[in-house]
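# Reading the structure
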Amino acid sequence: MKRRVPLALLLLPLLLCGCLEVDQHPAWKQGEYAGKRDNRHFQVRFHGDRLSWMATIMDRNDKQNEYNRANP
């Protein structure tokens, strides 16, 4: 009997840890995501101009190319 009490005291926190898990998924309403809608980078920084955003990304990638930087 004396061994069961400390064992029960050690297992009680483990049981409580499993019961305190919180659901972290956003709610779905009428089959659609009900969370906050996130804006895309081209919508925020380029006023919705996707082609300008793509040109900026391609220009940045060209400047990071080591073959072009080493052999001008």
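Residues numbered from 1 in each chain as written. Predicted model: local features only at pLDDT ≥ 70, side-chain atom pairs only at ≥ 80, totals over all residues. Heavy atoms only, no water.

Moving on, we get to the pattern of salt bridges. Inspection of every chain in the model, using the stated rule, returns two salt bridges. In this structure, D38 and K36 form a salt bridge, with 3.0 Å as the shortest nitrogen-oxygen distance. Exposure class is identical for D38 and K36. Each is exposed. The partner of K63 in a salt bridge is D59, and the shortest N-O contact between them spans 3.6 Å. Taken together, the residues K63 and D59, both in helix α3 (residues 50-63) and four residues apart, mark about one turn of the helix. Judged by its relative accessible area of 57%, K63 is exposed. (Salt bridge = Lys/Arg side-chain N within 4 Å of Asp/Glu carboxyl O. Buried < 20%, exposed > 50% of the residue type's maximum accessible area, 1.4 Å probe, protein only. Helix = DSSP H or I, 4+ residues; strand = E, 2+ residues; numbered from the N terminus.)

A word on unusual backbone geometry. Phi at Q30 takes a positive value of approximately 55°, unusual for a residue other than glycine. The phi dihedral of H47 falls on the positive side, at around 55°, and the residue is not glycine. Residue placement: H47 occurs in the loop between α2 (41-44) and α3. We classify H47 as exposed; its relative accessible area is 75%.

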